[in-house]
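A closer look at the structure
Okay, here's what each chain looks like letter by letter:
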Amino acid sequence: MAVGASRVIVLTTGGTIAMRYDAAAGGAIPTLGADELAAALPAGLPEMQVEELINLPSSHFTLETLQVIRERVAALVAESGVDGVVLTHGTDTLEETAYLLDLTVPGEKPIVLTGAMRAASDVGYEGLANLQAAVRVAAAPRAQGLGTVVVLNDEIHAARYVTKTHTLNPATFQSPGWGPVGRVEGDAVIVVRRPERQVLPWRGLEPKVGLLKLAVGLEADSLEDALARGVRGVVLEALG
Ligand code: ASP
């Protein structure tokens, strides 16, 4: 890999970006390892080191998986020789990991999550383009202080606002009401907004939390059931 001024660590965790169709499995499964992904990138990118942390669809993640990711990312950004971290991730729960990292990993170094909507065996696989853009953002001095961001489809989205909006479209990651904080155009990283960031003390993740989405016809028994299960708190997604 070509050597630039910055050193970026690419941590891989699986997802469609690492998947290929497998006839025996009857679907796409994570098969591309970190080295294969890195080897497929063009020369001339910032210096990279790759590490495979896990290789799973993100819908299989648990709170323990998130803790493992959070610990590794926090340790890497604390290293003096590291300028930024890229995390490849399944898109299904990517926004949750991004928000966790944004809220709990202190420091100015860019943490960039990316993924793909099409598997490596699909026509129009965009995983390498997304990975290349993510590496550029992680190495960019102007991305310092942005917190954790999500880079897909050449857009840079703040973890605080981004959400997956479509099951198949490569432009799925959007920040409704806010828009992207920047773009990647060729090798240029353009940042147009810097959202305020709040970093919380890390005390681990509380597993006993209920999540209830309110809708017409939902009765109090859903909340009572959650409380009867001994949850320590309930998040209510309320009506407008
Ligand atoms: N099921 C995949 C995952 O979240 C979807 C994707 O990566 O786009 O791991």
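Here, the structure is the one placed above.
Because the structure is predicted, anything quoted here is derived from the model rather than measured.

This next bit is on the overall build of the protein. Scanning the protein from N- to C-terminus turns up 5 helices and 14 strands. What you see for the protein is a C-alpha radius of gyration of 18 Å, in line with the 18 Å of a compact globule of 240 residues. If one aligns the C-alpha atoms of the protein with their principal axes, the spans along those axes are about 60 × 45 × 30 Å. By sequence separation, contacts in the protein at least 24 residues apart represent 68% of the contacts at least 6 residues apart. For the protein, the exposed surface amounts to about 11900 Å²; the carbon and sulfur share of it is 52%. With 19 positive and 28 negative side-chain charges, the protein shows a separation of 5 Å between the mean positions of the two kinds.

Let us look at the packing of aromatic side chains. Here a ring pair, both rings aromatic, is described through the centre-centre distance and the interplanar angle of the planes. This model, assessed by the stated rule, comprises 1 aromatic pair. With 4.5 Å between their ring centres and 25° between their planes, Y161 and W178 make a pair best called stacked. Of this pair, Y161 sits in the loop between β8 (155-158) and β9 (163-164) while W178 is found in the loop between β10 (173-174) and β11 (182-185), placing the two residues 17 residues apart along the sequence.

Looking now at the nonpolar core. Nonpolar side chains in soluble globular proteins tend to be buried together. In terms of nonpolar packing, the biggest core is built from 30 residues, with V8, V86, V112, V137, V151 and I156 touching the most fellow members. If you tally residues by element for this core, the top one is helix α4 (residues 127-139), at 7 residues. Setting aside its immediate chain neighbours within four residues, V151 contacts V112, L113, T114, N130, A133, A134, V137, I156 and V184. Core analysis: the second largest hydrophobic core is formed by 24 residues, I69, L113, V150 and L152 among them.

Cut-off values and rules
- Residues numbered from 1 in each chain as written.
- Predicted model: local features only at pLDDT ≥ 70, side-chain atom pairs only at ≥ 80, totals over all residues.
- Heavy atoms only, no water.
- Helix = DSSP H or I, 4+ residues; strand = E, 2+ residues; numbered from the N terminus.
- Rg over C-alpha atoms; globule rule 2.2 N^0.38 Å.
- Contact = heavy atoms within 4.5 Å.
- Areas by Shrake-Rupley, 256 points an atom, 1.4 Å probe, with all protein chains shown as cover.
- Lys, Arg positive; Asp, Glu negative; His and termini not counted.
- Charge placed at Lys NZ, Arg CZ, Asp CG, Glu CD.
- Phe/Tyr/Trp six-rings, centres within 6.5 Å; stacked < 30°, edge-to-face > 60°.
- Core = buried A, V, L, I, M, F, W, Y, C linked by side-chain atoms within 4.5 Å.
- Buried < 20%, exposed > 50% of the residue type's maximum accessible area, 1.4 Å probe, protein only.

Read these as spatial facts, not as claims about activity.
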